[in-house]
Amino acid sequence: MSLEKDSKVILNNRGIKEFGTITKKWRRKEITFFNVRTERGIKLDGLTTNCQIPCFINEDLTNQFQQRQNERL
């Protein structure tokens, strides 16, 4: 699964896992950035999948979530 615009993702926001939707995706040099709107309605700009940053997209959990969603369909 890939992280594309309008796809559901699981992000880790300072130790708390949240669901969100990608609103924008872009690439600068070798890094892919995302703007995400969480279920709480908060807009987070410039997120990456780098787990060393306090707020990031958890790519492994997101892929598992998307696979389970596809199995249900």
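Quick notes on the rules
What you see as residue numbers is a count from 1 along each chain, following the sequence as written. In view of the model being predicted, local features appear only for residues whose pLDDT reaches at least 70, and side-chain atom pairs are presented and counted only at 80 or more, with totals across whole chains, interfaces and linings using the full set of residues. No hydrogens and no water enter the side-chain calculation; it runs on all heavy atoms of the structure. Any two strands with at least two DSSP bridges between them are considered paired. Secondary structure elements follow DSSP: runs of H or I of four or more residues count as helices, runs of E of two or more count as strands, with numbering from the N terminus. A fitted line through C-alpha atoms represents every axis, and for helices the fit uses only the stretch in contact; the resulting angles, taken between N-to-C directions, go from 0 to 180 degrees. In what follows, residue pairs with any heavy atoms lying within 4.5 Å of each other are defined as contacts. Nonpolar side chains (Val, Leu, Ile, Met, Phe, Trp, Tyr) within 5 Å and like charges within 9 Å form the patches, drawn only from residues with over 30% relative accessible area and no salt bridge. Residue burial considers only the protein chains on display, and all accessible areas are found by Shrake-Rupley using a 1.4 Å probe. Salt bridges are defined by distance alone: a side-chain nitrogen of Lys or Arg within 4 Å of a carboxyl oxygen of Asp or Glu. When charges are counted, Lys and Arg are positive and Asp and Glu negative, with His and the chain ends excluded. In plain terms, the charge of a residue is placed at NZ if it is Lys, CZ if Arg, CG if Asp and CD if Glu. When accessible area is computed with a 1.4 Å probe and restricted to protein chains, residues below 20% of their type maximum are described as buried, those above 50% as exposed, and intermediate ones as partly exposed. Two N or O atoms count as a polar contact when they lie within 3.5 Å, although within protein this holds only if one can serve as hydrogen donor and the other as acceptor, and sequence-adjacent residues are included solely when both atoms are side-chain atoms.

1. A short note on the sheet that holds strand β3 (residues 31-38)
Pairing in this open sheet of 5 strands is antiparallel, and the strands run β4-β3-β2-β1-β5 from one edge to the other. Because the sheet does not close on itself, it has two edges, and the strands there are β4 (43-47) and β5 (55-57). Averaged over all pairs of adjacent strands, the angle between their axes in this sheet comes to 40°, without regard to strand direction. Strands in contact with helix α1 (residues 59-72) are β1 (8-13), β2 (16-28) and β5; relative to β1, the strand with the most contacts, it is inclined by about 150°.

2. Examining the pairing of β3
Note that β2 and β3 share 8 bridges and pair antiparallel. Across the sheet, K25 pairs through a bridge with F34, a residue of β3. Count of turn residues in the β2/β3 antiparallel hairpin: 2 residues, of which K29 carries a positive phi of about 55°. Sheet topology note: the β3/β4 ladder contains 3 bridges and is antiparallel. Within β4, the residue paired with V36 across the bridge is L44. Here β3 hands over to β4 after 4 residues, with G41 in that stretch at a positive phi of 95°.

3. Notes on a positive patch on the surface
Together, K24, R28, K29, R37 and K43 make up a positively charged patch on the protein surface. Structurally, the position occupied by K24 is in strand β2. Owing to a relative accessible area of 45%, K24 belongs among the partly exposed residues under this scheme.

4. A few points about the side chain of T48
Inspection of the secondary structure puts T48 in the loop between β4 and β5. Classification of T48 by relative accessible area gives buried; the value is 9%. Side-chain polar atoms of T48 contact the backbone nitrogen of N50, separated by 3.2 Å.

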